[in-house]
Amino acid sequence: MENLIVKLKEEIIEVLNLEDVKPADIDENAPLFGEGLGLDSIDALELIVLMEKNYGIKLKDPAQGKEIFKSIAVMAEYIAANRSK
Amino acid sequence: MNKNIYINSIKQISAQPPLTDEWFDNPVFYNEQYIRATDADYKQYFSPLEARRLGKILKRALLTSREAMQESGVQNPDAIITGTGLGCIENTEIFLDKLVREGEELLNPTHFMNSTHNTISSLVAIDAKCHGYNSTYAHKGISFECALQDAFLQMQSGKIGTALVGAHDEMTPAYFTLLKKAGYLGVENQVFAGETALAMMLSTEKTEKSLCKIENVEKFYGDISQYAIRDTQIDHIMVGVNGNAATDKIYYENCKKLFPNIPLLQYKNIFGESYTAPAFGVYAAALCLKKEKIPNQLRIKNYELRIEEKKTNKILIYNHFENKNHTFVLLSHNF
């Protein structure tokens, strides 16, 4: 799980173009939206694309996103349990 | 109904040092065929969260616009009007490349959002919290002049009092290669292919910082010999010659017919060629009028006309695109 969290942090930094942010700077338990990284709805779309492209997870219900994208730790747990790639 | 219209500030990012008029006294010359713009240190101006969705063209457009607004003292212009030949071509290329590679699935929204031409003008408006008139002209080589004319006509008719007019174009390596193959760029002896990021504030109010007055902006399509000259009191003509003998010849021939005995100036040797390069012609002419000086690098050395020069009060910026679209911007010092 620890490896997945680090990998996910790296992927998020790359896909969201977070220049100067290092994986160690991100608290995996901090909220991704609003506080914490301060992401917004367009970032949510980027994360949906990332999950499908890198882990083969297709989110069918948009309401699921709220729960899954709560923090990187929650996201990693969901990916570990549902990944097909 | 006609109003006086002034250029009150201009800011640029190009192959010359960014956000300054340093090129006027110390121009940088290039021998390469293709030069990307000399960027400012954007980290000074944008937070990482703000910068993460901005491609180069958007950072350049936002910064030149912010600086032009600040310099002019107008923080909320009545209109934001942009000319761009290629729009956000770098993001468009990334988006199209992914579209092909991913089989038209799993496309990143940010690249899609930033791949449209009118992203630039709308982003500047969002940044400035400007809810007024917002428009984009994507008309190849006359995009900037269309934007300028729109602002000019609306100001003349009293619809608006201030307008931020921009000219923004990127040149990617892939696009340069295509234009080189098409014979538009990279021709022997031609100036470098460059990039444009320029914002100017127009106003019906004159200020201490006003560079010049815009007397007129006209476009003409077709046989140039049919064009009727309205103003004969022109001291210099700034033309878009770029070293390509085939297109330069058109400038020299047309100027000889339309404006005999008026000395010509150039600007593309300093700023390079791009679809919106004519904006640099207006910028260079405006600065000449403001400083009451014409630097040597703008003079055309081999041009056959040699006449004694008097004080420059009016400069006409004349550009043509494929000898079909002709644009004329007349600037004056008389204000």
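All values reported here derive from a predicted model rather than from experimental measurement. (Residues numbered from 1 in each chain as written. Chains lettered and ligands numbered in written order. Predicted model: local features only at pLDDT ≥ 70, side-chain atom pairs only at ≥ 80, totals over all residues.)

Attention now goes to the overall build of chain B. A tally of regular secondary structure across chain B gives 10 helices and 10 strands. Expected size for 335 residues packed as a compact globule is a radius of gyration near 20 Å; at 19 Å, chain B falls within 12% of this value. Referenced to the eigenvectors of the C-alpha coordinate spread, the extents of chain B come out at roughly 65 × 45 × 40 Å. A total of 335 residues make up chain B; the buried ones form 49% of that total. Intrachain contacts of chain B at a sequence separation of at least 6 include 80% that bridge at least 24 residues. (Helix = DSSP H or I, 4+ residues; strand = E, 2+ residues; numbered from the N terminus. Rg over C-alpha atoms; globule rule 2.2 N^0.38 Å. Buried ≥ 20, exposed ≤ 12 C-beta atoms within 10 Å, placed from the backbone. Contact = placed C-beta atoms within 7 Å.)

All names here are of chain A. Between helix α1 (residues 2-15) and helix α4 (residues 72-82), the least distance of the axes is 9 Å, while the angle of their chain directions is 115 degrees. By the angle between their axes, α1 is roughly perpendicular relative to α4. Helix-helix and strand crossings are classified by hand; for α1 and α4 the assignment is right-handed. Contacts between α1 and α4 involve L4, I5, L8 and K9 from the first element and I72, A73, M75, A76, I79 and A80 from the second. (Axes fitted to C-alpha atoms, helices over the stretch in contact; angles between N-to-C directions. Parallel < 35°, antiparallel > 145°, perpendicular 65-115°, else oblique. Left-handed = near helix turned anticlockwise from the far one by under 90°.)

Residue and element names in this part refer to chain B. Examined at the domain level, chain B breaks down into domain 1 (6-203) and domain 2 (212-332). A separation of 22 Å is found between the C-alpha centroids of domain 1 and domain 2. Each side of the interface is counted separately: domain 1 has 40 residues, and domain 2 has 31 residues. For the side of domain 1 that touches domain 2, the elements supplying multiple residues, two or more each, are β1 (6-13), α6 (143-156), β4 (162-169) and β5 (196-203). Here the side of domain 1 that touches domain 2 gets 6 residues from one element, more than from any other, and that element is α6. For the side of domain 1 that touches domain 2, a count of residues per class yields 21 nonpolar, 14 polar and 5 charged. (Domains from an automatic or database assignment. Nonpolar A, V, L, I, M, F, W, Y, C, P; charged D, E, K, R; others polar.)

At the junction of the two partners, chain B supplies 8 residues and chain A supplies 13 residues. Within the residue set of the side of chain B that touches chain A, elements represented by two or more residues are α1 (48-51) and α4 (109-113) of chain B. Per element, the largest residue contribution to the side of chain B that touches chain A is 3 residues, and it comes from α1(B). Taken together, the residues of the side of chain B that touches chain A sort by class into 5 nonpolar, 2 polar and 1 charged.

Turning our attention to the sheet that holds strand β7 (residues 236-239) of chain B. The strands that make up a sheet pair up through hydrogen bonds in the backbone, lying either parallel or antiparallel. Residue and element names in this part refer to chain B. One open sheet accounts for 10 strands, arranged β3-β2-β4-β5-β1-β6-β10-β9-β7-β8; its pairing is mixed. Only two strands of the sheet have a single partner each, and these edge strands are β3 (133-137) and β8 (264-266). The mean angle between the axes of side-by-side strands here comes to 25 degrees, regardless of whether they run parallel or antiparallel. Pairing geometry for strand β2 (residues 79-83) and β4, over 5 bridges, is parallel. What sits directly across from I80, in β4, is L164. (Pairing = 2+ DSSP bridges.)

Residues and elements named next belong to chain B. By the secondary structure assignment, L211 is in the loop between β5 and β6 (212-221). When the C-alpha positions of L211 and G281 are compared, they lie 14 Å apart, and in sequence the two are 70 residues distant. Excluding residues within four positions of it along the chain, L211 makes contact with I7, I10, A286, L287, L289 and K290.

Residue and element names in this part refer to chain B. Helix length check: helix α10 (residues 278-291), at 14 residues, gives a terminal C-alpha distance of 20 Å against a target of 20 Å (1.5 Å per residue), a fit within 8%. Counted residue by residue, α10 has 12 buried out of 14 residues, so it is predominantly covered. Inspection of α10 places P278, A279, F280, G281, V282, Y283, A284, A285, A286, L287, C288 and L289 among the buried residues, and these make up the whole buried set. Of the residues flanking the end of α10, it is E292, one or two places downstream, whose phi is positive at about 55 degrees. (Expected span 1.5 Å × (residues − 1).)

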